[in-house]
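Structure at a glance
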Amino acid sequence: MITRKTFALVLFSVLAASSVQLIPVAFANDDPSFKKDDPSLKKADLAFLQAVSSSDKKTLSSILDQDFSWTDSVGKTYTRDEVLQNTPNSPANSISSEIQQRLYGQVGLILATSGKTHAARFWVKRSDRWHLLVYHEATLAEEARSGAPRPKVCENPCKTLPYEPQNDAERGIIASWQALETAVTNHDSQTWAQHVADEFLLINSNNDHPFTKADRIAILDKQKQTGTSSAPIPLVSAQMFDFGDTVIMAAKHQRDIDKPVRVSRIWIKRDGQWLMAFSEQTIVQ
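The structure contained in this document is the topic of the report that follows.

About the cut-offs
- Residues numbered from 1 in each chain as written.
- Predicted model: local features only at pLDDT ≥ 70, side-chain atom pairs only at ≥ 80, totals over all residues.
- Heavy atoms only, no water.
- Pairing = 2+ DSSP bridges.
- Helix = DSSP H or I, 4+ residues; strand = E, 2+ residues; numbered from the N terminus.
- Contact = heavy atoms within 4.5 Å.
- Axes fitted to C-alpha atoms, helices over the stretch in contact; angles between N-to-C directions.
- Salt bridge = Lys/Arg side-chain N within 4 Å of Asp/Glu carboxyl O.
- Phe/Tyr/Trp six-rings, centres within 6.5 Å; stacked < 30°, edge-to-face > 60°.
- Buried < 20%, exposed > 50% of the residue type's maximum accessible area, 1.4 Å probe, protein only.
- Lys NZ or Arg CZ within 6 Å of the ring centre and 35° of its normal.
- Disulfide = S-S within 2.5 Å.
- Core = buried A, V, L, I, M, F, W, Y, C linked by side-chain atoms within 4.5 Å.
- Expected span 1.5 Å × (residues − 1).
- Arc of directions from axis to C-beta.

The mixed open sheet is built from six strands, whose spatial order is 9-8-13-12-11-10. Across the chains shown, the open sheet's two edge strands, defined by having one partner strand only, are strand 9 (211–212) and strand 10 (235–243). Here helix 5 (residues 168–185) sits on the sheet and contacts strand 8 (196–204), strand 10, strand 11 (246–253), strand 12 (261–270) and strand 13 (273–283); the angle it forms with strand 13, its principal contact strand, is near 70°.

A few words now on the pattern of salt bridges. In this structure the tally under the stated criterion is six salt bridges. Note that Asp38 and Lys125 form a salt bridge whose closest N and O atoms lie 3.9 Å from each other. Of this pair, Asp38 sits in the loop between strand 1 (23–24) and helix 2 (39–53) while Lys125 sits in strand 6 (residues 117–126), and the two are 87 residues apart along the sequence. Where Arg171 meets Asp168, a salt bridge forms, and the shortest distance between an N and an O atom there is 2.8 Å. Residue Arg171 and its partner Asp168 are located together in helix 5, separated by three residues, close to a single helical turn.

Considering all chains together, one arrives at eight aromatic pairs under this definition. Considering the side-chain rings of Phe34 and Tyr104, the 6.1 Å spacing of their centres and the 25° angle between planes classify their relative orientation as stacked. Of this pair, Phe34 sits in the loop between strand 1 and helix 2 while Tyr104 sits in strand 4 (residues 99–104), and the two are 70 residues apart along the sequence. Here Phe34 falls in the buried class, since its relative accessible area comes to 0%. Tyr104 sits in the buried class, given a relative accessible area of 3%. Here the aromatic residues Phe48, Phe68, Trp70, Trp123 and Tyr135 are joined through ring pairs into a cluster of three or more. Sitting over the face of the ring of Tyr78, Lys76 holds its NZ or CZ atom 5.2 Å from the ring centroid.

A separate point is the state of the cysteines. Inspection of the entire model under this criterion finds one disulfide. Across a sulfur-sulfur distance of 2.1 Å, Cys154 and Cys158 are joined as a disulfide pair. In this structure the cystine formed by Cys154 and Cys158 twists about its S-S bond by roughly 100°; its chirality is therefore right-handed. There is no split in this pair, since Cys154 and Cys158 are both buried.

Grouped together as the largest cluster of nonpolar side chains are 25 residues, with contacts concentrated most on Trp177, Leu180, Trp192, Leu235, Met240, Met249 and Trp267. Elements with a minimum of two residues in this core: helix 5, helix 6 (189–193), strand 8, strand 10, strand 11 and strand 13. Considering each element in turn, this core owes the most residues, seven residues, to helix 5. If we ignore the near neighbours within four places in the chain, the residues touching Trp267 are Ile173, Ser176, Trp177, Leu180, His195, Asp245, Thr246, Val247, Met249, Trp274, Leu275 and Met276. Leu49, Val83, Ile110 and Ala119 belong to the second largest nonpolar core, which has 24 residues in total.

Let us now look at unusual backbone geometry. A cis amide bond links Asn156 to the next residue, Pro157, at an omega of 15°. Tracing the sequence through the fold places Pro157 in the loop between strand 7 (129–139) and helix 5. Positive phi, close to 50°, is recorded for Ser55, a residue that is not glycine. Inspection of the secondary structure puts Ser55 in the loop between helix 2 and helix 3 (57–63). Backbone geometry places Asp271, a non-glycine residue, at a positive phi of 55°. You can see Asp271 is positioned in the loop between strand 12 and strand 13. Accessibility expressed as a relative area gives 80% for Asp271, which makes it exposed.

What follows concerns the side chain of His195. You can see His195 is positioned in the loop between helix 6 and strand 8. Every residue in contact with His195, bar those within four places of it in the chain, is listed here: Ser176, Ala179, Leu180, Trp267, Gln273, Trp274, Leu275 and Met276.

Right, let's get into helix 7 (residues 213–226). The end-to-end C-alpha separation of helix 7 is 20 Å, in line with the 20 Å expected for 14 residues at 1.5 Å each. Those residues of helix 7 that sit buried are Lys213, Arg216, Leu220 and Gln223. Buried residues in helix 7, looked at end-on, bunch into an arc of 90°, giving them a common side. Set apart from the buried face of helix 7 by more than 90 degrees, the exposed residues are Ala214, Lys222, Gln225 and Thr226.

Shown next, in the form of structure tokens:
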């Protein structure tokens, strides 16, 4: 019979012996803030994978942040207590050769891929220890889905929001986000690009592949040529977690009778400007 201790030792040995590495995501941007590798983050993420695999609730309890949430690939969201009571299982938490790391100050982002399933693990450093704040999955479509036709006018989130910013950082993010979404509505790719980091990545369960900044610019330009309506989905609710020049935003969006969408974003302040660096979006089934 394999004990939890034996399982953990075997898993660690396999990881150590394999070619799997947590590597910084490489982009052309010269800002080193998101490229630096952090062994302590790698160690924390490994401990999380081992605890999930062995249903080690004691270890999970020490790893999961008090505000932790888990959104699975069908959009169901679990609280910290629910995860500790019954830990979800996912192929994205198995050993994978497609694992990447980003660092934004006190926020670490681990991106893991298993087939079509993409898991984003949002780590935050509190009292010199890494804690997992948000776990978010999205399984990409076999073929991109266009969804229902979008309106041409954007009220929420472009002009009004059911969210009151709590500090200057949040006010700056809201202003940047509303300008970004207004640019999306108007197919204005140049203005949109001013509010997005060069390493921006979008993972959306309606798409068949992740979108980079260049991909989104190309889509906006094409929509402008074809006159396609592209107003964003209204915001229903949001939480923001402030870590200096990095803020994690967990949100729920929904339009009329369409299915809700769970979204987790990372905002960073670079050269005095708030930019969206990452967005993972899962349609609730």
